[in-house]
Protein chains: 2
Amino acid sequence: MKNDLGTILKPLEEPLSLVEREIRERLASGVPEIDEAARYLFDLGGKRIRASLVLMTAGLGGTVPEGAITLAAASEMIHAATLIHDDIIDQSIMRRGSASVPQKWGSRVAVLLGDFLYTLALDMALSVDNSRVYSVMVGGTKSMVSGELYQLHYSNIDNITRDHYYRIIELKTARFMAACTRIGGEIGNMSEAECGDLYEFGMNLGFAFQIIDDTLDLMTDSEAIGKDIRSDVRTGKITLPFLFLMERNGESAGLLRRYIREPEDALWDSIMDLMRKSSSLDTCIGISKEYVERAVGNLDRFPESRSREMLLELSSFFVSRNF
Amino acid sequence: MKNDLGTILKPLEEPLSLVEREIRERLASGVPEIDEAARYLFDLGGKRIRASLVLMTAGLGGTVPEGAITLAAASEMIHAATLIHDDIIDQSIMRRGSASVPQKWGSRVAVLLGDFLYTLALDMALSVDNSRVYSVMVGGTKSMVSGELYQLHYSNIDNITRDHYYRIIELKTARFMAACTRIGGEIGNMSEAECGDLYEFGMNLGFAFQIIDDTLDLMTDSEAIGKDIRSDVRTGKITLPFLFLMERNGESAGLLRRYIREPEDALWDSIMDLMRKSSSLDTCIGISKEYVERAVGNLDRFPESRSREMLLELSSFFVSRNF
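Residues numbered from 1 in each chain as written. Chains lettered and ligands numbered in written order. Predicted model: local features only at pLDDT ≥ 70, side-chain atom pairs only at ≥ 80, totals over all residues. Heavy atoms only, no water.

1. Re the overall build of chain A
Which entries qualify depends on this criterion: Numbering of helices and strands runs from the N terminus; a helix is a DSSP stretch of H or I covering at least four residues, while a strand is a stretch of E covering at least two. It is over C-alpha atoms that the radius of gyration is taken, and the globule rule equals 2.2 Å times the number of residues to the power 0.38. Throughout, a contact is declared for two residues whenever any of their heavy atoms are within 4.5 Å. For this count, His and the chain ends are skipped, Lys and Arg are scored as positive, and Asp and Glu as negative. Where a charge lies is defined by one atom per residue type, namely NZ (Lys), CZ (Arg), CG (Asp) and CD (Glu).
Within chain A one finds 16 helices and two strands. Taken over the C-alpha trace, chain A has a radius of gyration of 20 Å; the compact-globule value for 323 residues is 20 Å, and the two agree within 12%. Counting only C-alpha atoms and orienting by the principal axes, one finds that chain A spans roughly 55 × 50 × 30 Å. The long-range fraction of contacts in chain A, counting pairs at least 24 apart against all pairs at least 6 apart in sequence, stands at 76%. Looking at chain A, you have 36 positive and 48 negative side-chain charges, and the mean spots of the two groups are 2 Å apart.

2. Some remarks on helix α8 (residues 162-187) of chain B
All names here are of chain B. Formally: Expected helix span is computed as 1.5 Å times (number of residues minus one). In this analysis the local bend is the angle between axes fitted, respectively, to the seven residues ending at and the seven residues starting at the residue.
The terminal C-alpha atoms of α8 lie 36 Å apart, and with 26 residues this matches the ideal 38 Å at 1.5 Å per residue to within 8%. Remark: the principal bend of α8, roughly 45°, maps to Glu 170. Asn 189 sits one or two positions beyond α8 and adopts a positive phi of about 55°.

3. A look at the relation of the copies chain B and chain A
Note the threshold: Residues below a pLDDT of 70 in either copy are left out; the C-alpha atoms of the rest, at least 70 in both, set the least-squares superposition of the copies.
Expressed as a screw transformation, the operator carrying chain B onto chain A has a rotation angle of 180° and an axial translation of 0.0 Å, and the superposed copies differ by an RMSD of 0.0 Å. Expressed as a symmetry operation, the mapping of one chain copy onto the other fits a two-fold axis. A shared binding surface is used by both copies, with 100% of the interface residues of chain B retained as interface residues in chain A.

4. Remarks on the nonpolar core
Just so we agree on the cut-off: Take the buried residues of types Ala, Val, Leu, Ile, Met, Phe, Trp, Tyr and Cys, join any two whose side-chain atoms come within 4.5 Å, and each joined set is a nonpolar core. Only protein chains enter the area calculation, which uses a 1.4 Å probe; residues under 20% of their type maximum are buried, those over 50% are exposed, and those in between are partly exposed.
In terms of nonpolar packing, the biggest core is built from 170 residues, with Leu 117 of chain A together with Leu 117 of chain B touching the most fellow members. Other than its neighbours up to four places away in sequence, Leu 117 of chain B contacts Leu 27, Leu 41, Phe 42, Met 77, Ala 80, Ala 81 and Ile 84 of chain B. In terms of nonpolar packing, the next biggest core, distinct from the first, is built from 38 residues, Phe 242, Leu 274, Cys 284 and Ile 285 of chain A among them.

5. Overview of the confidence of the model for chain A
For clarity, the threshold we go by: Every residue carries a pLDDT, the predictor's confidence in it, which falls somewhere between 0 and 100.
The predicted model of chain A has a mean per-residue pLDDT of 91, with 95% of residues at 70 or higher. Scoring the predicted complex yields pTM 0.93 and, for the interface, ipTM 0.92.

6. A word on the pattern of salt bridges
Selection criterion: Criterion for a salt bridge: a side-chain nitrogen of Lys or Arg within 4 Å of a carboxyl oxygen of Asp or Glu.
With the rule as written, the count across this model stands at 40 salt bridges over all chains. The partner of Glu 247 of chain A in a salt bridge is Arg 162 of chain A, with the nearest N and O atoms 2.7 Å apart. With Glu 247 of chain A in helix α12 (residues 240-248) and Arg 162 of chain A in helix α8 (residues 162-187), this pair connects stretches of sequence that are 85 residues apart. Of the charged contacts in the structure, one is a salt bridge between Glu 20 of chain B and Arg 24 of chain B, with a shortest N-O distance of 3.1 Å. Here Glu 20 of chain B and its partner Arg 24 of chain B are both found in helix α2 (residues 13-27), four residues apart, which amounts to about one turn of the helix. Classification of Arg 24 of chain B by relative accessible area gives partly exposed; the value is 30%.

7. Quick word on the environment of Asp 115 of chain B
For the record, the criterion: Polar contacts here mean pairs of N or O atoms no more than 3.5 Å apart (in protein, one a potential hydrogen donor and the other a potential acceptor; neighbouring residues in sequence count only if both atoms are side-chain atoms).
Relative to the assigned elements, Asp 115 of chain B resides in helix α6 (residues 101-127). Look at Asp 115 of chain B and you get buried, because its relative accessible area is 3%. Ignoring any residue separated from it by four or fewer positions in sequence, one finds Asp 115 of chain B in contact with His 85, Asp 115, Tyr 118 and Val 145 of chain A together with His 85 of chain B. A polar contact is formed between the side chain of Asp 115 of chain B and the side chain of His 85 of chain A, at a distance of 2.6 Å.

8. Observations concerning unusual backbone geometry
A positive phi angle, close to 60°, is found at Ser 279 of chain A, a residue other than glycine. For Ser 279 of chain A, the position within the fold is in the loop between α14 (265-278) and α15 (280-297). Look at Arg 48 of chain B: it is not a glycine, yet its phi comes out positive at around 55°. Looking at where Arg 48 of chain B falls in the secondary structure, it is placed in the loop between α3 (32-43) and α4 (49-58).

9. Description of the packing of helix α5 (residues 68-89) of chain A against α6 of chain B
Operational definition: Note on method: axes are straight lines fitted to C-alpha atoms, helices fitted across the in-contact stretch only, with angles between N-to-C directions ranging 0 to 180 degrees. Note on angle classes: values under 35 degrees are labelled roughly parallel, values over 145 roughly antiparallel, values of 65 to 115 roughly perpendicular, and the remainder oblique. Amino acid classes used here: Ala, Val, Leu, Ile, Met, Phe, Trp, Tyr, Cys and Pro are nonpolar; Asp, Glu, Lys and Arg are charged; the rest, including Gly, are polar.
The interhelical angle for the contact between α5 of chain A and α6 of chain B, taken along N-to-C directions, is 155°, at an axis separation of 8 Å. Accordingly, the angle class assigned to the pair α5 of chain A and α6 of chain B is roughly antiparallel. In contact with His 85, Ile 88 and Ile 89 of chain A of α5 of chain A, α6 of chain B contributes Ser 107, Arg 108, Val 111, Leu 112 and Asp 115 of chain B. Taken together, the residues that form the contact of α5 of chain A with α6 of chain B break down as four nonpolar, two polar and two charged.

10. A closer look at the environment of Lys 142 of chain A
Within the fold, Lys 142 of chain A resides in helix α7 (residues 131-154). Exposure remark for Lys 142 of chain A: the relative accessible area of 24% places this residue in the partly exposed category. Spatially, the C-alpha atoms of Lys 142 of chain A and Leu 171 of chain A are 8.7 Å apart, while their sequence positions differ by 29 residues. The residues touching Lys 142 of chain A, leaving out its near neighbours within four places in the chain, are Thr 119, Leu 120 and Asp 123 of chain B. Among the polar contacts made by the side chain of Lys 142 of chain A, one reaches the side chain of Asp 123 of chain B at a distance of 3.2 Å.

11. Looking at the environment of Leu 44 of chain A
Residues and elements named next belong to chain A. Structurally, Leu 44 can be placed in the loop between α3 (32-43) and α4 (49-58). The spatial distance from the C-alpha of Leu 44 to the C-alpha of Ala 99 is 9.8 Å, given a sequence separation of 55 residues. Sequence-distant contacts of Leu 44, that is, excluding residues within four places in its chain, are made with Arg 95, Arg 96 and Ser 98.

12. Description of the interface of chain B and chain A
Size of an interface: often given as the accessible area lost when the parts come together. The criterion, for reference: As a working definition, buried area equals the accessible area (1.4 Å probe) given up by two parts on being put together, with both sides summed.
In this assembly, 36 residues from chain B lie in contact with 36 residues from chain A. Interface of chain B and chain A: buried area, both sides summed, is about 3500 Å²; carbon and sulfur atoms make up 72% of it. By the criterion of area lost to chain A, the three top residues of chain B are Arg 108, Leu 149 and Leu 152 of chain B, representing 19% of everything that side buries. Counting across the interface, chain B meets chain A through two salt bridges. Taking the shortest distance from any N to any O, the salt bridge between Asp 123 of chain B and Lys 142 of chain A comes out at 3.2 Å. The interface formed by chain B and chain A contains 10 residue pairs in polar contact (both at pLDDT 80 or more). Of all the elements, helix α7 (residues 131-154) of chain B adds the most residues to the side of chain B that touches chain A, at 14 residues.

13. Examining the packing of α2 of chain B against α3 of chain B
Angle between the axes and distance between the axes: these two values describe a pair of packed helices. All names here are of chain B. Condition: Throughout, a crossing is termed right-handed when the near helix is turned clockwise from the far one, and left-handed when it is turned anticlockwise from it by less than a right angle.
Remark: α2 packs on α3, axes separated minimally by 10 Å, with the N-to-C direction vectors making an angle of 165°. When the axes of α2 and α3 are compared, the pair comes out roughly antiparallel. Seen along the crossing, α2 lies across α3 with a hand that is right-handed. Two secondary-structure elements touch here, α2 through Ile 23, Arg 24 and Leu 27 and α3 through Asp 35, Ala 38, Arg 39, Phe 42 and Asp 43. Across the contact of α2 with α3, the residue classes break down as four nonpolar, no polar and four charged.

14. Topic: the side chain of Ser 75 of chain A
Residues and elements named next belong to chain A. Within the secondary structure, Ser 75 is located in helix α5. Judged by relative accessible area, Ser 75 falls into the buried class, the value being 0%. Sequence-distant contacts of Ser 75, defined by excluding residues within four places in its chain, comprise Arg 50, Ala 51, Val 54, Met 137, Phe 176 and Cys 180.

15. Remarks on helix α15 (residues 280-297) of chain B
All names here are of chain B. Our working definition: This arc is built from the directions going out from the helix axis to the C-beta atoms.
With 18 residues, α15 extends 26 Å from end C-alpha to end C-alpha; this agrees with the ideal 26 Å at 1.5 Å per step. Taken as a whole, α15 has its buried residues at Ser 280, Leu 281, Cys 284, Ile 285, Ile 287, Ser 288, Tyr 291, Val 292 and Ala 295. Down the axis of α15, the sector holding all buried residues measures 160°, keeping them to one side. In α15, the exposed residues that point more than 90 degrees away from the buried face are Asp 282 and Glu 293.

Below you can see the structure in the form of structure tokens.
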């Protein structure tokens, strides 16, 4: 099994480079600060998962339909907009191992660049002559923003429940991935049933992706992933592994509350110790594997093809990254 | 001539109250901080010019077409989104005489509420079954954001020219008003020529509106208008009256640069003294009157109606506010 993203995405090398080109061409605003910040952000890289999902699902019919590159580019731009605004909201200093856009250019540029990316991307989606695509894209974007709202209030230790957590990641991550995979079906002129399956596929994959992400964050040190997970916790983002930990170990909620008030390294180490002993991380990995299995099942009706194979490889990759 | 906005908008009392209701219903997110901040923002009032333009132009055919209330509400929500994000960008403490949203709730809530308003409004526009409306709304929103980008770079004293100023206000204000007036035509099922005239009408009105606003700011003290114009200048927003002043008085650019570096009251008073002597404010008022005349001309082809009368009254009101 391929467990390296670069190898899995190899067949998309050419379309993905067209996506990068389209992003950079569209982003040229003529305003130096904005152009510089935008170039910086996209040069930081990123996995381009959303663009890949659009391209792969669009390719299930055998050919790459018109508009696929533009929509793949638009999906990455909307994703980038949420990242920049997130970095303002969370006052993040780092993004992908480098200074975040608000840290480097201030919140003026960051607010505007985010707004610019949103409106530009929605305008691009509109340029593709398919009204269904458009409403799927807007719906996915609206969900993502709603997810951020919910997270603001419901992800902190006093409010969060497992229901809230699932609601947040559905809105914040799963529905937009589902929008991307459905969009591929729509431009590929697939049937309503096929588009529905692709939507479910994206949804299940999105749940798996976010749960594994929240879990891996706690298994790796900050430097390796280029963001500061502890500051997530400190600003009150409680994720699924913590929910299991608190259910399984009566002492842990008190320690976590104390850490949020007074973040001390030794305390963090004790919490992580309890985390390992409670097997909460394994439980989360198990749950994301179940989501991946459901996602794989959503592809049943599609005949063998290079694109289908890539979608399956990508799904397995999500839950087999080297821990 | 009616020169009180309340009197002019009196016939719209009922539809405008439906617009208010729709805004409040749609905004209920279930997240306490966001709902509170949104209610606060819309309770601050505002002239609801954009909603009125949608309703008036939509009414030119005699009846109020379906979707008019929703689109009027969406236009105010998009406008509100730009105001909130503006207040983060400009670090404004005041808005309409009260504390601004970022000042009261912090930039976390302000960034998210703005994003929420944008995506919600675009989704509402999509719910009205008219694809033209939708692309006009997205185009207008994109222009508004581009205007903010341009303003960021090109409105400061080192870069600004009259061309830049007109470009900024076209993007930031005129095109969105034009979108509102065209949308009225589209849902009123008017001809392409009529919709085109309504677009031009909104564009001319938008230029008039922004120029008179930038001029009035300098004729009134901050408390009366509820925002701090001097801080606009200090953060580098040079408007048309200043451009005329600098063209007409060789000494003024130096004083203005000094004021931007060291904002002293006495210096401001001297600049305002030169402003009055240069007649720059009168020139600007004259220019906005010309735009209003053009706007009035754009309504030539429309037969007498209550809506047409209101549009004419509103246009005259813009340039006859009590100075």
